[in-house]
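Working through the structure, step by step
Each chain is listed here by its residues.
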Amino acid sequence: MTRSFVHDTLGQRIRFATGDAAGALAAEVEELGAQRVLVLAAPSESALAGRITDGLPVARVHDEVAMHVPVAVAELARAVATEVDADLVVSVGGGSTTGLAKAVALTSGLPVVAVPTTYAGSEATDVWGLTQDGRKTTGSDPRVLPRCVVYDASLTTSLPVDLSVASGLNALAHCVDSLWAPRADPINAALATEGARVLARALPAVVADGQDLEAREELLYAAYLSAVAFASAGSGLHHKICHVLGGLRDLPHAPTHAVVLPHVLALNAPAAPDAEARLAEAFGSATALGGLAALRERVDAPRSLGALGLEEEHLPAAVEAVLEVAPPSNPVPVTRPVLEQLLRRALEGSEPS
Ligand code: NAD
(Lines give C-alpha, C1' and ligand atoms only; values in the text may rest on other atoms or scores of the structure.)
Protein backbone atom coordinates (compact mmCIF):
# COMPACT_ATOMS: atom_id res chain seq x y z
CA MET A 1 0.00 0.00 0.00
CA THR A 2 1.31 3.47 -0.80
CA ARG A 3 0.65 6.25 1.63
CA SER A 4 -0.01 9.74 0.37
CA PHE A 5 -1.40 12.34 2.73
CA VAL A 6 -0.64 15.64 4.47
CA HIS A 7 -0.95 15.80 8.26
CA ASP A 8 -0.54 18.92 10.43
CA THR A 9 0.48 18.48 14.05
CA LEU A 10 -0.50 21.20 16.53
CA GLY A 11 2.19 22.45 18.92
CA GLN A 12 1.07 22.20 22.51
CA ARG A 13 2.43 20.97 25.83
CA ILE A 14 0.41 18.36 27.72
CA ARG A 15 0.92 17.86 31.44
CA PHE A 16 -0.81 14.88 33.01
CA ALA A 17 -0.76 15.51 36.75
CA THR A 18 -3.44 13.57 38.56
CA GLY A 19 -3.88 15.11 42.01
CA ASP A 20 -1.37 17.88 41.28
CA ALA A 21 -2.90 20.36 38.85
CA ALA A 22 -1.77 23.12 41.25
CA GLY A 23 1.88 22.12 40.91
CA ALA A 24 1.69 21.63 37.15
CA LEU A 25 -0.07 24.97 36.71
CA ALA A 26 2.43 26.82 38.91
CA ALA A 27 5.33 25.36 36.90
CA GLU A 28 3.70 26.43 33.64
CA VAL A 29 2.89 29.96 34.87
CA GLU A 30 6.47 30.37 36.01
CA GLU A 31 7.84 29.11 32.73
CA LEU A 32 5.65 31.54 30.80
CA GLY A 33 6.76 34.33 33.13
CA ALA A 34 3.15 35.39 33.70
CA GLN A 35 2.45 37.97 36.40
CA ARG A 36 -1.20 38.94 35.86
CA VAL A 37 -3.28 35.84 35.35
CA LEU A 38 -6.93 36.06 34.34
CA VAL A 39 -8.68 32.93 35.66
CA LEU A 40 -11.88 31.87 33.91
CA ALA A 41 -14.19 29.40 35.67
CA ALA A 42 -18.00 29.09 35.70
CA PRO A 43 -19.70 29.28 39.15
CA SER A 44 -19.91 25.46 39.35
CA GLU A 45 -16.19 25.26 38.53
CA SER A 46 -14.94 28.06 40.78
CA ALA A 47 -14.26 25.83 43.80
CA LEU A 48 -12.05 23.64 41.58
CA ALA A 49 -10.31 26.74 40.24
CA GLY A 50 -9.77 28.07 43.75
CA ARG A 51 -8.10 24.80 44.75
CA ILE A 52 -5.47 25.00 42.04
CA THR A 53 -4.83 28.72 41.51
CA ASP A 54 -4.09 29.68 45.11
CA GLY A 55 -0.54 31.03 45.13
CA LEU A 56 -0.59 32.12 41.46
CA PRO A 57 -0.34 35.82 40.56
CA VAL A 58 -4.08 36.04 39.87
CA ALA A 59 -5.25 39.45 38.63
CA ARG A 60 -8.96 38.51 38.44
CA VAL A 61 -11.28 35.49 38.58
CA HIS A 62 -14.07 35.88 36.04
CA ASP A 63 -17.10 33.55 36.16
CA GLU A 64 -19.49 34.77 33.47
CA VAL A 65 -19.41 31.72 31.20
CA ALA A 66 -22.14 30.41 28.87
CA MET A 67 -22.43 27.46 26.52
CA HIS A 68 -21.51 28.13 22.86
CA VAL A 69 -19.89 31.47 23.88
CA PRO A 70 -22.46 34.19 23.11
CA VAL A 71 -20.68 37.23 21.61
CA ALA A 72 -21.74 39.46 24.55
CA VAL A 73 -20.16 36.99 27.02
CA ALA A 74 -16.95 36.96 24.98
CA GLU A 75 -16.87 40.77 24.83
CA LEU A 76 -17.22 41.04 28.60
CA ALA A 77 -14.33 38.61 29.22
CA ARG A 78 -12.20 40.46 26.67
CA ALA A 79 -12.91 43.76 28.44
CA VAL A 80 -11.91 42.24 31.79
CA ALA A 81 -8.65 40.94 30.28
CA THR A 82 -7.87 44.45 29.04
CA GLU A 83 -8.92 46.09 32.32
CA VAL A 84 -6.59 43.94 34.44
CA ASP A 85 -3.85 43.99 31.78
CA ALA A 86 -3.74 40.18 31.84
CA ASP A 87 -0.68 38.44 30.46
CA LEU A 88 -2.08 34.89 30.67
CA VAL A 89 -5.53 33.30 30.63
CA VAL A 90 -6.05 30.16 32.71
CA SER A 91 -9.34 28.35 32.09
CA VAL A 92 -10.58 25.83 34.62
CA GLY A 93 -13.71 24.08 33.44
CA GLY A 94 -15.58 22.34 30.67
CA GLY A 95 -15.73 23.13 26.96
CA SER A 96 -17.74 26.30 27.60
CA THR A 97 -15.03 27.79 29.81
CA THR A 98 -12.25 26.70 27.47
CA GLY A 99 -14.28 28.24 24.65
CA LEU A 100 -14.42 31.57 26.47
CA ALA A 101 -10.64 31.53 26.96
CA LYS A 102 -10.28 30.89 23.23
CA ALA A 103 -12.55 33.86 22.46
CA VAL A 104 -10.26 36.10 24.55
CA ALA A 105 -7.16 34.68 22.86
CA LEU A 106 -8.66 35.16 19.41
CA THR A 107 -8.74 38.94 19.69
CA SER A 108 -5.94 39.56 22.21
CA GLY A 109 -3.36 36.94 21.26
CA LEU A 110 -2.96 36.16 24.99
CA PRO A 111 -1.60 32.68 25.77
CA VAL A 112 -4.01 30.20 27.36
CA VAL A 113 -3.35 27.39 29.80
CA ALA A 114 -6.38 25.10 29.91
CA VAL A 115 -7.35 22.88 32.82
CA PRO A 116 -10.28 20.80 31.55
CA THR A 117 -12.86 19.39 33.95
CA THR A 118 -14.99 17.53 31.36
CA TYR A 119 -14.16 15.31 28.37
CA ALA A 120 -15.18 17.83 25.67
CA GLY A 121 -11.65 18.07 24.28
CA SER A 122 -11.80 21.72 23.19
CA GLU A 123 -8.43 22.28 24.92
CA ALA A 124 -6.63 20.26 22.24
CA THR A 125 -8.10 21.95 19.18
CA ASP A 126 -7.51 25.27 17.45
CA VAL A 127 -11.24 25.62 16.82
CA TRP A 128 -13.15 28.55 18.31
CA GLY A 129 -16.92 29.11 18.35
CA LEU A 130 -19.14 32.13 19.00
CA THR A 131 -22.92 32.48 18.87
CA GLN A 132 -25.14 35.42 18.06
CA ASP A 133 -28.86 35.55 17.22
CA GLY A 134 -29.20 31.75 17.16
CA ARG A 135 -26.31 31.23 14.75
CA LYS A 136 -23.09 29.58 15.75
CA THR A 137 -19.96 30.64 13.91
CA THR A 138 -16.78 28.58 14.17
CA GLY A 139 -13.31 28.93 12.77
CA SER A 140 -9.82 27.70 13.38
CA ASP A 141 -6.93 29.91 14.37
CA PRO A 142 -3.55 28.99 15.86
CA ARG A 143 -3.90 31.82 18.43
CA VAL A 144 -6.70 29.99 20.26
CA LEU A 145 -4.86 26.71 20.76
CA PRO A 146 -3.94 26.59 24.47
CA ARG A 147 -0.16 26.69 24.98
CA CYS A 148 -0.47 24.03 27.61
CA VAL A 149 -3.12 21.66 28.93
CA VAL A 150 -3.05 20.42 32.51
CA TYR A 151 -5.03 17.20 33.00
CA ASP A 152 -5.89 16.28 36.58
CA ALA A 153 -8.52 13.57 36.94
CA SER A 154 -9.22 14.55 40.55
CA LEU A 155 -10.90 17.71 39.17
CA THR A 156 -13.44 15.57 37.27
CA THR A 157 -14.81 13.39 40.08
CA SER A 158 -17.36 16.11 40.86
CA LEU A 159 -18.80 15.94 37.34
CA PRO A 160 -22.16 14.17 37.81
CA VAL A 161 -22.30 10.70 36.25
CA ASP A 162 -24.95 11.58 33.64
CA LEU A 163 -22.86 14.58 32.47
CA SER A 164 -19.76 12.36 32.49
CA VAL A 165 -21.55 9.85 30.23
CA ALA A 166 -22.69 12.51 27.79
CA SER A 167 -19.25 14.14 27.80
CA GLY A 168 -17.49 10.80 27.28
CA LEU A 169 -19.80 10.03 24.36
CA ASN A 170 -18.98 13.48 22.96
CA ALA A 171 -15.34 12.38 23.01
CA LEU A 172 -16.31 9.09 21.35
CA ALA A 173 -18.09 11.08 18.65
CA HIS A 174 -14.80 12.88 17.94
CA CYS A 175 -13.17 9.48 17.44
CA VAL A 176 -15.90 8.01 15.23
CA ASP A 177 -16.37 11.10 13.04
CA SER A 178 -12.58 11.41 12.59
CA LEU A 179 -12.61 8.12 10.67
CA TRP A 180 -14.49 9.62 7.71
CA ALA A 181 -14.09 13.39 8.17
CA PRO A 182 -12.71 15.47 5.26
CA ARG A 183 -9.04 15.24 6.36
CA ALA A 184 -9.16 11.69 7.76
CA ASP A 185 -5.72 10.08 7.57
CA PRO A 186 -3.91 7.09 9.12
CA ILE A 187 -2.41 9.17 11.94
CA ASN A 188 -5.66 10.57 13.25
CA ALA A 189 -7.33 7.17 12.63
CA ALA A 190 -4.77 5.59 14.98
CA LEU A 191 -5.48 8.21 17.67
CA ALA A 192 -9.23 7.86 17.19
CA THR A 193 -9.16 4.07 17.43
CA GLU A 194 -7.13 4.12 20.63
CA GLY A 195 -9.43 6.83 22.02
CA ALA A 196 -12.51 4.70 21.29
CA ARG A 197 -10.91 1.62 22.86
CA VAL A 198 -10.10 3.47 26.07
CA LEU A 199 -13.51 5.20 26.26
CA ALA A 200 -15.38 1.91 25.80
CA ARG A 201 -13.67 0.50 28.90
CA ALA A 202 -13.44 3.56 31.13
CA LEU A 203 -16.98 4.94 30.71
CA PRO A 204 -18.75 1.91 32.30
CA ALA A 205 -16.19 2.02 35.13
CA VAL A 206 -17.06 5.67 35.86
CA VAL A 207 -20.78 4.83 35.76
CA ALA A 208 -20.14 2.05 38.30
CA ASP A 209 -18.12 4.39 40.53
CA GLY A 210 -17.97 8.10 39.82
CA GLN A 211 -15.00 8.41 42.20
CA ASP A 212 -12.87 5.87 40.27
CA LEU A 213 -9.84 8.08 39.71
CA GLU A 214 -8.05 5.67 37.43
CA ALA A 215 -11.07 5.40 35.12
CA ARG A 216 -11.49 9.20 35.20
CA GLU A 217 -7.84 9.55 34.20
CA GLU A 218 -8.41 7.14 31.32
CA LEU A 219 -11.35 9.26 30.17
CA LEU A 220 -9.18 12.39 30.13
CA TYR A 221 -6.48 10.54 28.19
CA ALA A 222 -9.07 9.35 25.66
CA ALA A 223 -10.66 12.80 25.48
CA TYR A 224 -7.27 14.22 24.53
CA LEU A 225 -6.63 11.57 21.86
CA SER A 226 -10.11 12.06 20.45
CA ALA A 227 -9.72 15.83 20.26
CA VAL A 228 -6.33 15.65 18.54
CA ALA A 229 -7.84 13.28 15.98
CA PHE A 230 -10.82 15.59 15.50
CA ALA A 231 -8.69 18.72 15.18
CA SER A 232 -6.67 17.03 12.47
CA ALA A 233 -9.49 15.28 10.58
CA GLY A 234 -12.00 18.15 10.69
CA SER A 235 -15.78 17.97 11.06
CA GLY A 236 -17.52 15.00 9.51
CA LEU A 237 -21.27 14.57 9.07
CA HIS A 238 -21.87 13.91 12.77
CA HIS A 239 -20.32 17.21 13.84
CA LYS A 240 -22.08 19.12 11.09
CA ILE A 241 -25.44 17.78 12.29
CA CYS A 242 -24.74 18.58 15.96
CA HIS A 243 -23.42 22.02 15.07
CA VAL A 244 -26.64 22.85 13.21
CA LEU A 245 -28.82 21.49 16.03
CA GLY A 246 -26.83 23.36 18.68
CA GLY A 247 -27.15 26.66 16.86
CA LEU A 248 -30.82 26.17 15.96
CA ARG A 249 -32.21 25.29 19.39
CA ASP A 250 -29.31 25.84 21.81
CA LEU A 251 -29.45 22.11 22.60
CA PRO A 252 -27.00 20.92 25.29
CA HIS A 253 -23.77 20.09 23.47
CA ALA A 254 -22.61 16.76 24.90
CA PRO A 255 -26.03 15.04 25.19
CA THR A 256 -26.82 16.07 21.59
CA HIS A 257 -23.65 14.32 20.42
CA ALA A 258 -24.51 11.29 22.54
CA VAL A 259 -27.94 10.95 20.89
CA VAL A 260 -26.91 11.58 17.27
CA LEU A 261 -23.79 9.37 17.19
CA PRO A 262 -25.39 5.90 16.70
CA HIS A 263 -27.58 7.23 13.90
CA VAL A 264 -24.61 8.55 11.92
CA LEU A 265 -22.67 5.34 12.60
CA ALA A 266 -25.62 3.25 11.36
CA LEU A 267 -25.70 5.32 8.17
CA ASN A 268 -21.98 5.34 7.42
CA ALA A 269 -20.51 2.10 8.79
CA PRO A 270 -21.75 -0.15 5.95
CA ALA A 271 -19.92 2.08 3.44
CA ALA A 272 -16.79 2.61 5.58
CA PRO A 273 -15.22 -0.84 6.08
CA ASP A 274 -12.00 0.45 7.69
CA ALA A 275 -13.94 2.49 10.26
CA GLU A 276 -16.28 -0.46 10.85
CA ALA A 277 -13.37 -2.83 11.51
CA ARG A 278 -11.48 -0.39 13.75
CA LEU A 279 -14.53 0.43 15.88
CA ALA A 280 -15.72 -3.18 16.17
CA GLU A 281 -12.28 -4.09 17.47
CA ALA A 282 -12.14 -1.09 19.79
CA PHE A 283 -15.52 -2.06 21.27
CA GLY A 284 -14.57 -5.76 21.42
CA SER A 285 -17.71 -6.54 19.45
CA ALA A 286 -18.70 -8.30 16.21
CA THR A 287 -19.89 -5.02 14.69
CA ALA A 288 -19.26 -1.33 15.35
CA LEU A 289 -22.96 -0.54 15.73
CA GLY A 290 -23.55 -3.53 18.03
CA GLY A 291 -20.57 -2.48 20.16
CA LEU A 292 -21.83 1.08 20.43
CA ALA A 293 -25.36 -0.10 21.27
CA ALA A 294 -24.02 -2.34 24.05
CA LEU A 295 -21.90 0.50 25.46
CA ARG A 296 -24.82 2.93 25.36
CA GLU A 297 -26.99 0.40 27.18
CA ARG A 298 -24.38 -0.11 29.91
CA VAL A 299 -23.96 3.60 30.55
CA ASP A 300 -27.63 4.53 30.09
CA ALA A 301 -26.88 7.03 27.34
CA PRO A 302 -29.37 9.75 26.41
CA ARG A 303 -31.54 8.59 23.49
CA SER A 304 -33.79 11.28 22.13
CA LEU A 305 -33.36 14.80 20.84
CA GLY A 306 -37.01 15.37 21.79
CA ALA A 307 -36.05 15.01 25.45
CA LEU A 308 -33.35 17.65 24.91
CA GLY A 309 -35.78 20.24 23.52
CA LEU A 310 -35.97 19.60 19.77
CA GLU A 311 -39.48 19.48 18.33
CA GLU A 312 -41.01 18.00 15.18
CA GLU A 313 -41.50 21.49 13.73
CA HIS A 314 -37.72 22.14 13.82
CA LEU A 315 -36.89 19.18 11.57
CA PRO A 316 -37.36 20.80 8.13
CA ALA A 317 -35.06 23.73 8.97
CA ALA A 318 -32.49 21.35 10.47
CA VAL A 319 -32.54 19.12 7.38
CA GLU A 320 -32.05 22.07 5.03
CA ALA A 321 -29.23 23.53 7.14
CA VAL A 322 -27.38 20.20 7.35
CA LEU A 323 -27.78 19.64 3.58
CA GLU A 324 -25.90 22.90 3.01
CA VAL A 325 -22.88 21.82 5.05
CA ALA A 326 -22.78 18.01 4.75
CA PRO A 327 -19.22 17.04 3.77
CA PRO A 328 -18.92 15.69 0.21
CA SER A 329 -16.39 13.18 1.62
CA ASN A 330 -19.08 11.39 3.66
CA PRO A 331 -18.99 7.65 2.83
CA VAL A 332 -22.73 7.69 2.01
CA PRO A 333 -24.30 10.47 -0.11
CA VAL A 334 -26.25 12.76 2.20
CA THR A 335 -29.68 13.26 0.63
CA ARG A 336 -32.82 14.92 1.96
CA PRO A 337 -34.70 11.62 2.59
CA VAL A 338 -31.65 10.13 4.35
CA LEU A 339 -31.34 13.14 6.65
CA GLU A 340 -35.09 13.36 7.30
CA GLN A 341 -35.11 9.76 8.46
CA LEU A 342 -31.94 10.09 10.52
CA LEU A 343 -33.08 13.21 12.35
CA ARG A 344 -36.61 11.86 12.92
CA ARG A 345 -35.25 8.71 14.51
CA ALA A 346 -32.90 10.77 16.69
CA LEU A 347 -35.77 13.09 17.64
CA GLU A 348 -38.01 10.19 18.66
CA GLY A 349 -35.27 8.11 20.26
CA SER A 350 -35.89 5.18 17.87
CA GLU A 351 -33.25 2.57 17.21
CA PRO A 352 -30.78 3.69 14.53
CA SER A 353 -31.18 2.09 11.13
P1 NAD B 1 -19.86 22.70 29.72
O2 NAD B 1 -18.50 23.26 29.70
O3 NAD B 1 -20.99 23.61 29.35
O4 NAD B 1 -20.10 22.03 31.14
C5 NAD B 1 -21.38 21.47 31.47
C6 NAD B 1 -21.73 21.81 32.93
O7 NAD B 1 -20.88 21.09 33.80
C8 NAD B 1 -21.51 23.29 33.26
O9 NAD B 1 -22.52 23.72 34.12
C10 NAD B 1 -20.17 23.28 33.99
O11 NAD B 1 -20.00 24.37 34.85
C12 NAD B 1 -20.26 21.96 34.73
N13 NAD B 1 -18.97 21.35 35.07
C14 NAD B 1 -17.88 21.25 34.30
N15 NAD B 1 -16.93 20.54 34.92
C16 NAD B 1 -17.42 20.20 36.12
C17 NAD B 1 -16.91 19.43 37.20
N18 NAD B 1 -15.71 18.84 37.15
N19 NAD B 1 -17.68 19.27 38.29
C20 NAD B 1 -18.94 19.80 38.34
N21 NAD B 1 -19.48 20.51 37.34
C22 NAD B 1 -18.73 20.71 36.24
O23 NAD B 1 -20.01 21.43 28.74
P24 NAD B 1 -18.96 20.70 27.80
O25 NAD B 1 -19.73 19.61 27.17
O26 NAD B 1 -17.72 20.39 28.51
O27 NAD B 1 -18.59 21.79 26.70
C28 NAD B 1 -19.54 22.19 25.74
C29 NAD B 1 -19.03 23.38 24.96
O30 NAD B 1 -17.71 23.12 24.47
C31 NAD B 1 -19.89 23.72 23.76
O32 NAD B 1 -20.04 25.11 23.65
C33 NAD B 1 -19.09 23.17 22.59
O34 NAD B 1 -19.36 23.84 21.39
C35 NAD B 1 -17.67 23.37 23.07
N36 NAD B 1 -16.70 22.45 22.45
C37 NAD B 1 -15.77 22.98 21.62
C38 NAD B 1 -14.82 22.15 21.01
C39 NAD B 1 -13.78 22.76 20.13
O40 NAD B 1 -12.93 22.06 19.61
N41 NAD B 1 -13.81 24.05 19.94
C42 NAD B 1 -14.83 20.77 21.26
C43 NAD B 1 -15.80 20.25 22.14
C44 NAD B 1 -16.73 21.10 22.74
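Here the residue index of a chain counts from 1 through its sequence in written order. Totals for whole chains, interfaces and linings use all residues, but because this is a predicted model, local features are given only for residues with pLDDT of at least 70 and pairs of side-chain atoms are given and counted only at 80 or more. Excluded from the side-chain calculations are hydrogens and water; all other atoms, namely the structure's heavy atoms, are used.

**Notes on the site of the ligand**
What makes a residue near a molecule or strand is one non-hydrogen atom of that residue sitting within 4 Å of it. As a matter of local geometry, the ligand sits amid 24 residues, with S44, S96, T117, T118 and T125 nearest to it. In protein, a polar contact means a hydrogen-donor-capable atom and an acceptor-capable atom, both N or O and within 3.5 Å, with residues adjacent in sequence counting only if both atoms are side-chain atoms; elsewhere, any N or O pair within 3.5 Å suffices. T125 is positioned with one of its side-chain polar atoms (N or O) 2.6 Å from an oxygen atom of the ligand. In this structure, K136 approaches the ligand through a side-chain N or O atom, which is 2.7 Å from an oxygen atom. For every accessible area listed, the method is Shrake-Rupley and the probe measures 1.4 Å; residues are considered covered only by the protein chains on display. Notes on the ligand: free accessible area 860 Å², of which the protein chains cover 83%. Counting from the N terminus, the helices are DSSP H or I runs at least four residues long and the strands are E runs at least two residues long. Breaking the shell around the ligand down by element, the ones donating at least two residues are α4 (95-108) and α9 (253-268). It is α4 that contributes the most residues to the shell around the ligand, three residues altogether. The residue inventory of the shell around the ligand, partitioned by class, reads nine nonpolar, twelve polar and three charged. Bear in mind that the domain bounds are from an automatic or database domain assignment. Looking at which domains feed residues into the shell around the ligand, each of domain 1 (13-156) and domain 2 (161-348) supplies at least three. Under the convention adopted here, Pro, Cys and the residues Ala, Val, Leu, Ile, Met, Phe, Trp and Tyr are nonpolar, Asp, Glu, Lys and Arg are charged, and Gly plus all remaining residues are polar.

**Observations regarding the domain arrangement of the protein chain**
Taken as a whole, the protein chain is organised into domain 1 (13-156) and domain 2 (161-348). Look at where the C-alpha atoms of domain 1 and domain 2 centre, and you get two points 25 Å apart. With 19 residues of domain 1 at the contact, the number on the domain 2 side is 26 residues. What gets called buried area is simply the loss in accessible area from a 1.4 Å probe that two parts show on being joined, summed for both. Interface of domain 1 and domain 2: buried area, both sides summed, is about 1,900 Å²; carbon and sulfur atoms make up 69% of it. Note on contacts: a residue pair qualifies if any of its non-hydrogen atoms lie within 4.5 Å across the two residues.

**Let's talk about the packing of helix α1 (residues 21-32) against helix α2 (residues 46-53)**
Note on definitions: angles span 0 to 180 degrees between N-to-C directions of axes, and those axes are lines fitted to C-alpha atoms, for helices only across the stretch in contact. The contact between α1 and α2 brings their axes to 8 Å, and the two run at 60°. Side by side, α1 and α2 meet where A21, A22 and L25 of the first sit next to R51, I52 and T53 of the second. Tallied by class, residues from the contact of α1 with α2 come to four nonpolar, one polar and one charged.

**What about the pattern of salt bridges?**
Salt bridge criterion: a side-chain nitrogen from Lys or Arg within 4 Å of a carboxyl oxygen from Asp or Glu. Using the criterion set out here, one finds 14 salt bridges in the structure. One salt bridge in this structure joins E297 and R303, with 3.6 Å as the shortest N-O distance. Any residue under 20% of the maximum accessible area for its type is buried, any over 50% is exposed, and the rest in between are partly exposed; the area is computed with a 1.4 Å probe on protein chains only. Since its relative accessible area comes to 59%, E297 is described here as exposed. Overlapping salt bridges bring together R13, R15, E28 and E31 as one network.

**Brief notes about helix α8 (residues 237-249)**
Between its first and last C-alpha atoms α8 spans 18 Å; for 13 residues at 1.5 Å apiece the expected length is 18 Å, and the two agree. Taken residue by residue, α8 has L237, H238, H239, I241, C242, V244, L245, G246 and G247 as its buried positions. Looking at the packing, one finds that the buried side of α8 touches β7 (135-140), α5 (161-178), α7 (213-233), α9, α12 (315-325) and α13 (336-348). A positive backbone phi angle near 55° is found at D250, which sits one or two residues after α8. Each helix should span, by expectation, one fewer than its residue count multiplied by 1.5 Å.

**Quick notes on the packing of aromatic side chains**
Classification of ring pairs uses Phe, Tyr and Trp, with its six-membered ring standing for Trp, and accepts pairs whose centres are within 6.5 Å; under 30 degrees between planes counts as stacked, over 60 as edge-to-face, and the remaining range as tilted. Enumeration according to the criterion identifies two aromatic pairs in this entry. With 4.8 Å between their ring centres and 25° between their planes, F16 and Y151 make a pair best called stacked. With F16 in strand β1 (residues 13-16) and Y151 in strand β8 (residues 148-151), this residue pair connects regions lying 135 residues apart in the sequence. Residue Y151 is classed as buried on the basis of its relative accessible area of 0%. Counting every residue linked through ring pairs, the aromatic cluster contains F16, Y151 and Y224.

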